[in-house]
2 protein chains.
Amino acid sequence: METLLKRHIRDVPDFPKPGILFKDITPLLQNHDVFKKIIADFTKRYENEGIHAIVGIESRGFLFGTPLAHELGAAFIPIRKKGKLPYKTVNVSYDLEYGSATIEMHEDAIERGQRVIVIDDLLATGGTAEAACKLIEKQGGKVVECAFVVELGFLNGREKIKSPVHSLVKYE
Amino acid sequence: METLLKRHIRDVPDFPKPGILFKDITPLLQNHDVFKKIIADFTKRYENEGIHAIVGIESRGFLFGTPLAHELGAAFIPIRKKGKLPYKTVNVSYDLEYGSATIEMHEDAIERGQRVIVIDDLLATGGTAEAACKLIEKQGGKVVECAFVVELGFLNGREKIKSPVHSLVKYE
């Protein structure tokens, strides 16, 4: 599985800024056999875990999150950058390398006691995912696991996240 | 179907600016029975149309586009705002009420002759969807239809789009 996925992840040098080797996941979406395998893999992992909701982080987390929610028969809940969600929100701020960022969720998105999977395309430093977990727990949700397609292991993001972490592809 | 969906679309006054009544589609995602019905409806409409790719417009188009591509066994291709896609892109600019906007697609996303559905959550003035169609046709793709969950009929966006248009819910 990991070898197959790595063949469909494209390295783009110097994006979004010089010196960064970006992992482009769009070829995974373009090949429907590969995309189906990804969704099937996540579905199998979570189908007997009593998951109420998949929380997807804007915007590449949406790409994997809604098909997974659809397969599991779970709710899908978007987490977005500040100011993007229309209704009343709760938010969490977190530090970035330079400055800070704020993410939001609708205040009625999670019900107390719900079991939730957080999903995003890529785990880098883990700041956004850990902030997402805090937001969910603040609303009384339980983060069963944070799931990623790609993990940049050399950035040690996994250590920043208090919930269990799962990824399909790891770069060391 | 339309009545069911309307019960799960939330009106948010004065978003994103005063005087606009925003149609919030997040409750449709939160109720998995309703979400399944939406995806099933689109799937039934397109399953015998020889569709190669679903093109989703950032970022709410991603929410409906990947589950539909997954069901149809089609490729998923994202269209994003300028500067967001990592690899080489083609782009189209279009006029907004004030100023202009540019959207992009990866240059190798569409193959000549491919049959494509453009999807977004909502049809307002139609500017972005028509720009998306131009981008696809520029690459040799054929837009079979532009599909929306919600259509704001009173903005006449349908008239701006040269390809066929389909929506599940219409507000007059």
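A. Representation of the overall build of chain A within the structure. Within chain A, the secondary structure is distributed over six helices and nine strands. In summary, chain A has a C-alpha radius of gyration of 16 Å against a globular reference of 16 Å for 172 residues, a match within 12%. Overall, the C-alpha framework of chain A stretches about 40 × 40 × 30 Å when taken along its three principal axes. Within chain A, the fraction of its 172 residues that count as buried is 59%. Counting only contacts in chain A whose residues sit at least 6 apart along the sequence, the fraction spanning at least 24 positions is 57%. Taken as a whole, chain A presents about 7,600 Å² of accessible surface, with 48% of it coming from carbon and sulfur.

B. View of the interface of chain B and chain A. Opposite the 36 residues of chain B that make contact, chain A presents 36 residues. Of all residues in chain B, Gln 30, His 70 and Pro 86 of chain B bury the most surface against chain A, accounting for 21% of the area lost on that side. Counting every contact that joins chain B to chain A gives two salt bridges. Ionic pairing is found between Asp 108 of chain A and Arg 10 of chain B, a salt bridge with its closest N-O pair at 2.8 Å. Scanning the region where chain B abuts chain A turns up 21 residue pairs in polar contact (both at pLDDT 80 or more). At the level of secondary structure, the elements contributing two or more residues to the side of chain B that touches chain A comprise strand 1 (10-13), strand 2 (21-24), helix 2 (26-30), helix 3 (32-46), helix 4 (60-72) and strand 4 (75-81) of chain B. The biggest single contributor to the side of chain B that touches chain A is helix 4 of chain B, with seven residues. Considered class by class, the residues forming the side of chain B that touches chain A number 18 nonpolar, nine polar and nine charged.

C. Region of interest: the relation of the copies chain B and chain A. For the pair chain B and chain A, the relating rotation is 180 degrees, the translation along its axis is 0.0 Å, and the fit reaches an RMSD of 0.0 Å. Put plainly, the chains are arranged around a two-fold axis. Closest approach to the rotation axis among the C-alpha atoms of chain B is made by Pro 67 of chain B, whose C-alpha sits 2.2 Å away. A shared interface surface links the copies, since 100% of the contact residues of chain B are contact residues in chain A too.

D. Highlighting the sheet that holds strand 4 of chain B. All names here are of chain B. The seven strands lie next to each other as 5-6-4-3-7-8-9, forming an open sheet whose pairing is mixed. Edge positions in the sheet fall to strand 5 (89-95) and strand 9 (165-171), since each of these pairs with one other strand and no more. The sheet shows a mean angle of 20 degrees between the axes of neighbouring strands, direction not considered. Across the sheet, helix 5 (residues 127-138) is in contact with strand 3 (53-57), strand 4, strand 5, strand 6 (100-106), strand 7 (115-123) and strand 8 (142-152); its angle to strand 5 comes to roughly 145 degrees.

About the cut-offs
- Numbering of residues starts from 1 in each chain and follows the order in which that chain's sequence is written.
- Chains and ligands are labelled by the order in which they are written, letters from A for the one and numbers from 1 for the other.
- Per-residue local features are limited, in this predicted model, to residues with pLDDT of at least 70; the limit for side-chain atom pairs, both in listing and counting, is 80 or more; totals at the level of whole chains, interfaces and linings are taken over all residues.
- In computing side-chain values, all of the structure's heavy atoms are included and hydrogens and water are not.
- Numbered from the N terminus, helices here are DSSP runs of H or I no shorter than four residues, and strands are runs of E no shorter than two.
- Computation of the radius of gyration draws on C-alpha atoms alone. For the globule rule, the value is 2.2 Å times the number of residues to the power 0.38.
- Buried, partly exposed and exposed residues are distinguished by accessible area as a fraction of the type maximum, computed with a 1.4 Å probe on protein chains only: under 20%, between the cut-offs, and over 50%, respectively.
- Contacts are residue-level and defined by heavy atoms, with any inter-residue pair within 4.5 Å sufficient.
- In short, Shrake-Rupley with a 1.4 Å probe defines the accessible areas, and a residue's cover is counted only from the protein chains shown.
- The quantity reported as buried area is the accessible area (1.4 Å probe) lost by two parts once they are put together, taken as the sum for both.
- By definition, a salt bridge exists where a carboxyl oxygen of Asp or Glu is found within 4 Å of a side-chain nitrogen of Lys or Arg.
- In the analysis that follows, any N or O atom pair within 3.5 Å is treated as a polar contact, provided that within protein one partner can donate a hydrogen and the other can accept it, and provided that, for residues neighboring in sequence, both atoms belong to side chains.
- Ten residues, namely Ala, Val, Leu, Ile, Met, Phe, Trp, Tyr, Cys and Pro, are considered nonpolar, four, namely Asp, Glu, Lys and Arg, are considered charged, and the remaining ones, Gly among them, are considered polar.
- Superposition of the copies was done by least squares, using only C-alpha atoms of residues whose pLDDT is at least 70 in both.
- Being paired, for any two strands, means DSSP has found at least two bridges between them.
- As a rule, the C-alpha atoms of each element are fitted with a line to give its axis, helices using only the stretch in contact, and angles between N-to-C directions run from 0 to 180 degrees.

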